[in-house]
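For reference, the chains in residue letters:
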Amino acid sequence: MSSTGNGGGGAPRTGAAGSAAARARLRRGARPAAPQPPAGRRRRDAADAPEAPRPDQPAPTLAVPVSDPGPQPGLRSRPARPFPGGPSDAPYGPGVPAEGSLLDMLKVAIAILDTAGRVVLWSPAAEELLGWPNELLVGRRIDELIPDQEQVGRIRAAIQDTLRHGRWAGNAELRDRDGVPIAVDARISLLVDGDGTPFLQVNMAEAAAVRAVERDLAVRDALFEQSPLGIAIMDTELRYTAVNQTLAEMNGVALADHVGRTTGETLPERAADEVTAIQRQVLATGEPVIDVTLASPVTARSGYRSISYSRMTDRSGRVLGISGTVMDVTERYRAVAKVEHARRRLSLLNEFGSRVGDLLDAARIAQELASSVVPRLTDHSAVILLQAVAHGDDLPRHGHDRRTSLLQLGTASVQDGPEVEVMLRRGARITFAEDSACGRVLRTGVPELLSGADQLDDVTYPGDPKTQAAHDLGVHSMLVVPLRARGIVIGLLLVSRGGYREGFDRDDLAFTVELADRAGSSLDNARLYARERTAALTLQRTLLPQQVPQPTGVEVAYRYVPGSSGAEVGGDWFDVIPLPGDRTALVVGDVMGHGLRAAATMGRLRTAVRVLAALDLPPDVLLRHVHELADDLAQGPDEALLATCVYAVFDPGTARLTVAKAGHIPPVLVVPGEEGGEPTRTGGPLRGGAGRILDLPSGAPLGVGGVPFESVELKIPEGSLLALCTDGLVESRDKDLDVGLGRLVTVLQEPHASIQAACEAVLDTMEQGREPDDVALLLARLGHGQAGTPTAGWTLPAEPTAVSRARRLVRSTLAEWGVEELTDTAELLVSELVTNAVRYASAPIGVRLTLGETLLVEISDPLPEPPRERHAAEADEGGRGLELVRRLALHWGARAEGIGKVVWFEQALPGSEPEES
């Protein structure tokens, strides 16, 4: 095939007649019409343009003219520069589409050559790649672009190879318009038109871009096919367009069965719904979803998966679909779940410890244990304890058998119903067969894990209604765990699961044993506490009054409430002591501290007060003597006695109350109003009245000293109510003592059905926030003696004639009262006592007779010194008066009264049995 150049850049000539027309058609179809410049511009350009080279002239060089400014930024998109000696061309680009596809990134230049290597068609992509415009190249040999002769030879050889074999592929190096070498990857194909004329199609792309795309594809293939992650590509309809083998194996569906299907068509419905929702969200919002852990569908590889999705767009921003990765995180999830499981169980242990740490009640601890494991560990739970643990008794020394008494004290369940009531009834007594699971665990202390109907029937005894209730509740797994303390089984913890919940495993058993061991220690502490508290309360109740008398003219009611701080019982006490002359001593005290030693000190202190009260001492003197005994009454040699006390003596005959206190809270006195008429006597309702806190000298607590004790004497109206109490009744953590005393006064001022009802009303006002201290409350309604009690009294001058006058008055009064049988003894004793008073006193002498259950005779004088009994010798003329009184009287004694004293004696009435003294 021969060809000759067409001068002036025309189409090459060939031997075939239709080849020129074909080439013309190709040129017309491929070459865009160049825009025509204005006429003046054309004339100027034509005049300035160099003459086109002829074929016989040497090929033009590719060197850049001196006037050329050199390479510019954006070489591939710059306007075309005119070929040296050729016409100029307007910039192309207004019709170039925006970049947005792979072809825009990897531009493929196309050129059509004839068999001689002349350019027939030069595409816009080729213009952009090499910078040569179509108008300057068409009709010229491609060799003119390659000044390197070696490269020219390679191109010619490639053309010849294509003409022989129909195609050629390889690399070449071309120079652009600025002389910069461009490495290209070329493909040459042989084309034949309809007339049989051959042409060469050259496809060229920049080699660097081709290598980059090849590298990206290789990376994509490596990631897609060799990645341990499941990878999926989905279109805008969320149908798979590509998945890798890893994902296909995860889903258990073949590769080919994924393409064209959605997730809902390849995965089970429940698993697909959640994944599809995530895919739709990512496709709609463009927000990626990263590392969402879901349970795997029930496929060949079940477990847990981490899924991530992101939306895909092309270079122009058009949404293509979504891409996703799926990673099997089963091991990671299980490891994390195991750590979280251990953390939750440790949290449960800590929470249970904090809930029972300050509890000392076995029933409450049992309930807390049962509640703490539901529902986090189990569906149903029961805590069964030995009766000895529940009641604070000693543990049995022998082994457990079917006669062992067990109580179900703690229960909890995730549901309610009659079956739960049957299986988990609190307080139920539990019985079991010795060869049952409960019997074996009680004997051996070895926990058991039960599963299946046969093993669950063996929990207690055959036919147990609780077993049938468990079956009705769907229980399928149970743990029977011993509650131990110091190696002794003190109870059982039963936990069970039902329904669809997984059965217990060995880890659950080990954890439950750990929880039960902690609970066992707390339960044993509660048992020991209950035993110590019982002993302390027993001692305290033994030391308190066992019977409280109801003396003449006084109605007494009392309440004692042990403190709520455990075995630390307090040292509060009260007492009612009958005194001669129908008088009554009312005592309330409080030993500082708690515990058995405080209770024992309280008993010694109460005994000392009773002994000194029998001496009929005034309140202030009695307190002084008790204070002097402080060292002997103390709890120990290194601990001083510290106690408070209030001591009051009421005389119904004179309606006088004498009170002294040692650092104690003051008494409260309520005087009935006058508008209510006569006050109600013993057993009747309280009318209420005006209350006040008695203003008494405070005195120092017993054992402190430094402050003298003083007595205050008050005239008491008929029916007045006196209240003595300890500080546990009126003190609280956040309020002053005056607030509690004011509340006590308010309650006592109100009417009450009885004095007992008044006690209950006072206790009902105790605040919840008060200190957990003992409370002793003593109420006394004070009267003026029994109605109709005969009483007579006289005042005699301190003269010898007073003795004979006293005998006559006593004789006539006893005759009037109808007890003449007492006259001889009464006259003798009165004359002896009046004689002593006349001998030593210089002021009037008082004589008073009271006929009650006994005959009471009182002789008063202003001398404070009490009489002293002497043992007279046979030759002595006197000194036998008090000895006669001691021998003939039922009781006798002396007490201080005012600035003087009263000497008294009692005689039994005729027909009554004399009390042994």
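What you see is a predicted model; the values in this text were computed from it and never measured.

J.: I would appreciate a short explanation of the overall build of the protein in the present structure.
T.: Counting its secondary structure elements, the protein contains 27 helices and 31 strands. Put simply, the protein has 917 residues, and 46% of those count as buried. Sequence-distant contacts, at least 24 apart, represent 63% of the contacts inside the protein between residues at least 6 apart. Carbon together with sulfur atoms contributes 52% to the accessible area of the protein, which is approximately 45,400 Å² in total.

J.: So what exactly am I meant to see when it comes to a nonpolar patch on the surface here?
T.: Nonpolar side chains collect at one region of the surface, where M592, L642 and V704 lie side by side and expose about 230 Å² of accessible area between them. Its place among the elements puts M592 in strand 19 (residues 583–594). Classification of M592 as partly exposed rests on a relative accessible area of 33%.

J.: Even after reading the chapter, I still don't get the sheet that holds strand 18 (residues 570–579), so can you show me in this structure?
T.: Taken in spatial order, the five strands make up an open sheet running 18-19-20-21-24, and their pairing is antiparallel. In the strand order of this sheet, the two ends are held by strand 18 and strand 24 (712–715), each with one partner. In this sheet, adjacent strand axes meet at a mean angle of 15 degrees when their direction is disregarded. Running over the sheet, helix 20 (residues 596–613) touches strand 18, strand 19 and strand 20 (643–651) and is turned about 15 degrees from strand 18. Where helix 21 (residues 619–628) meets the sheet, its contacts fall on strand 20 and strand 21 (656–662), and the angle it forms with strand 21 comes to roughly 25 degrees.

J.: Is there a simple way to think about unusual backbone geometry in this case?
T.: Keep in mind that most residues, glycine aside, have a negative phi and that most peptide bonds are trans. The step from V374 to P375 runs through a cis peptide bond, and the omega angle for that step is 5 degrees. With respect to the helices, strands and loops of the structure, P375 is situated in the loop between helix 13 (362–372) and strand 11 (380–386). With a phi angle near 55 degrees, R486 is a residue other than glycine that sits in the positive phi range. One non-glycine residue with positive phi stands out, namely D616, at about 60 degrees. Structurally, the position occupied by D616 is in the loop between helix 20 and helix 21. For D616, a relative accessible area of 5% translates into the label buried.

J.: Looking at this structure, I do not really get empty space enclosed by the protein. What am I missing?
T.: Take a probe with the size of a water molecule and roll it over the atoms, and the empty space left behind shows itself. With the rule as written, the count across this model stands at six cavities of 30 Å³ or more. In this structure, the largest cavity occupies an estimated 210 Å³ of space. Among the elements of the structure, strand 11, helix 18 (465–472) and strand 16 (488–498) are those that each provide at least two residues to the lining of the largest cavity. Here the lining of the largest cavity takes four residues from strand 11, the largest share from any one element. Grouping the constituent residues of the lining of the largest cavity by class yields eleven nonpolar, six polar and two charged. Roughly 140 Å³ of volume is contained in the second largest cavity. Of all the secondary structure elements, the ones that give two or more residues to the lining of the second largest cavity are strand 1 (108–113), helix 6 (149–165), strand 3 (167–175), strand 4 (181–192) and strand 5 (198–206). For the lining of the second largest cavity, a count of residues per class yields 15 nonpolar, no polar and no charged.

J.: What is the right way to look at the side chain of D774 in this model?
T.: Along the chain, D774 turns up in the loop between helix 24 (755–764) and strand 26 (775–782). Given the relative accessible area of 0%, D774 is considered buried.

J.: What should I look at first to understand the confidence of the model for the protein in this one?
T.: Detailed reading of the predicted model is not advised wherever pLDDT is low. When pLDDT is averaged along the protein, the result is 80; 83% of the residues meet or exceed 70. Within the protein, helix 2 (residues 39–48) has the poorest average pLDDT of any element, 38, and strand 11 the best, 94.

J.: Explain the packing of helix 26 (residues 823–840) against helix 27 (residues 881–888) here, please?
T.: Relative orientation and spacing of two packed helices are given, respectively, by the angle between their axes and the distance between those axes. As a packed pair, helix 26 and helix 27 sit with axes 9 Å apart at the nearest point and diverge in direction by 145 degrees. For the pair helix 26 and helix 27, the sense of crossing is left-handed. Packed against helix 26, whose contacting residues are T825, L828, L829, E832, L833 and N836, the element helix 27 presents G881, L882, L884, V885 and L888 at the interface.

What counts, and at which threshold
Residues numbered from 1 in each chain as written. Predicted model: local features only at pLDDT ≥ 70, side-chain atom pairs only at ≥ 80, totals over all residues. Heavy atoms only, no water. Helix = DSSP H or I, 4+ residues; strand = E, 2+ residues; numbered from the N terminus. Buried < 20%, exposed > 50% of the residue type's maximum accessible area, 1.4 Å probe, protein only. Contact = heavy atoms within 4.5 Å. Areas by Shrake-Rupley, 256 points an atom, 1.4 Å probe, with all protein chains shown as cover. Patch = residues over 30% accessible without salt bridge, like charges linked within 9 Å, V, L, I, M, F, W, Y side chains within 5 Å. Salt bridge = Lys/Arg side-chain N within 4 Å of Asp/Glu carboxyl O. Pairing = 2+ DSSP bridges. Axes fitted to C-alpha atoms, helices over the stretch in contact; angles between N-to-C directions. 1 Å grid on protein atoms, 1.4 Å probe; cavity = no way out; pocket = protein on both sides within 12 Å on 5 of 7 lines; lining within 4 Å. Points joined across faces, edges and corners; volume = space filled by probe spheres on them. Nonpolar A, V, L, I, M, F, W, Y, C, P; charged D, E, K, R; others polar. pLDDT = per-residue confidence, 0-100. Left-handed = near helix turned anticlockwise from the far one by under 90°.

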